[in-house]
Amino acid sequence: MARRRYLVMYDIRDDGRLRRVHDVVQSHGDRLQYSVYVCDLSRSELIGLRWQLEDEINALEDAVAILDLGEAGGRGTDAFDFLGVHPTLPSSGATVI
């Protein structure tokens, strides 16, 4: 099964949880902006990421959004349109460390 590209964004209300969520998401992808990451994941990696995030957040205070952009090499790349300075998108493939 092809890897899919996801945009993961979060808004965490507690500094300790914020650091833990940052570490979890960073281990799965590449930072685009402060709390926005692009992650190329298999289905099982996506499930693992969701489980890890659910363990770290307070569902009554925090928010995490995961947006499926499609296959990493197709729409997953074409969906981005930047203005001004922007990071280089990762090439399709695994980024999990």
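See the structure above.
Nothing here was measured: the structure is a model prediction, and the numbers come from that model. (Residues numbered from 1 in each chain as written. Predicted model: local features only at pLDDT ≥ 70, side-chain atom pairs only at ≥ 80, totals over all residues. Heavy atoms only, no water.)

> Just checking my understanding: could you explain the overall build of the chain for this structure?
Secondary structure assignment for the chain yields three helices and four strands. Along the chain, helices (α) and strands (β) appear in the sequence β-α-β-β-α-β-α when read from the amino end. Within the span of the chain, comprising 97 residues, buried residues form 36% of the whole. Contacts in the chain between residues at least 24 apart in sequence constitute 74% of all its contacts with a sequence separation of at least 6. When the accessible surface of the chain is totalled, it reaches about 6100 Å², and 49% of it is carbon and sulfur. (Helix = DSSP H or I, 4+ residues; strand = E, 2+ residues; numbered from the N terminus. Buried < 20%, exposed > 50% of the residue type's maximum accessible area, 1.4 Å probe, protein only. Contact = heavy atoms within 4.5 Å. Areas by Shrake-Rupley, 256 points an atom, 1.4 Å probe, with all protein chains shown as cover.)

> Looking at this model, I keep getting lost on the sheet that holds strand E3 (residues 36–41). Mind explaining?
Across the sheet, which stays open at both edges, the four strands sit in the order E2-E3-E1-E4 with antiparallel pairing between neighbours. Edge positions in the open sheet fall to strand E2 (30–33) and strand E4 (63–71), since each of these has one partner strand only. Along the sheet, successive strands turn relative to each other by an average axial angle of 25 degrees, direction set aside. The sheet contact formed by E2 and E3 spans three bridges and is antiparallel. The residue bridging Gln33 from the neighbouring strand is Val36, located in E3. Along the sheet face, helix H1 (residues 15–26) touches strand E1 (4–11), E2 and E3 and points at about 170 degrees away from the line of E1. (Pairing = 2+ DSSP bridges. Axes fitted to C-alpha atoms, helices over the stretch in contact; angles between N-to-C directions.)

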